Amino acid sequence: MAHPGHDAPSVHAHTGSPAMLAVLAIAVLGLVALVPLARLVRRRRKQHLSR
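Residues numbered from 1 in each chain as written. Predicted model: local features only at pLDDT ≥ 70, side-chain atom pairs only at ≥ 80, totals over all residues. Heavy atoms only, no water.

A.B. asks: Explain the overall build of the protein chain here, please?
C.D. replies: Regarding its fold elements, the protein chain presents 1 helix and 0 strands. Counting across all 51 residues of the protein chain, residues that qualify as buried make up 0%. When the accessible surface of the protein chain is split by element, carbon and sulfur atoms take 68% of a total near 4900 Å². (Helix = DSSP H or I, 4+ residues; strand = E, 2+ residues; numbered from the N terminus. Buried < 20%, exposed > 50% of the residue type's maximum accessible area, 1.4 Å probe, protein only. Areas by Shrake-Rupley, 256 points an atom, 1.4 Å probe, with all protein chains shown as cover.)

A.B. asks: I tried to follow a positive patch on the surface on my own but got confused; where do I start?
C.D. replies: On the surface, Arg-39, Arg-42, Arg-43 and Lys-46 cluster together to form a positively charged patch. Among the secondary structure elements, Lys-46 is positioned in helix H1 (residues 18-50). (Patch = residues over 30% accessible without salt bridge, like charges linked within 9 Å, V, L, I, M, F, W, Y side chains within 5 Å. Salt bridge = Lys/Arg side-chain N within 4 Å of Asp/Glu carboxyl O. Lys, Arg positive; Asp, Glu negative; His and termini not counted. Charge placed at Lys NZ, Arg CZ, Asp CG, Glu CD.)

A.B. asks: What's the story with a nonpolar patch on the surface in this structure? I'm lost.
C.D. replies: A surface patch of nonpolar side chains, about 440 Å² in accessible area, is lined by Leu-31, Leu-34, Leu-37, Leu-40 and Val-41. Position of Leu-31 among the secondary structure elements: in helix H1.

Quick look at the structure:
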């Protein structure tokens with residue numbers, strides 16, 4: 001749907017540029033990859049402290 005005064009943009013302003021979406025996707029994937037690593041570190045630290 002076009003805004004008043006001009007045609008509808010190919011990528012709507014609310015979604016951002018494709019490059020920005022790619023950067024956000026990579027950042028999310030990086031955070032998701034850190035979750036299991038953080039759990040492993042926490043588990044090893046608890047085992048080490050309980051000795």
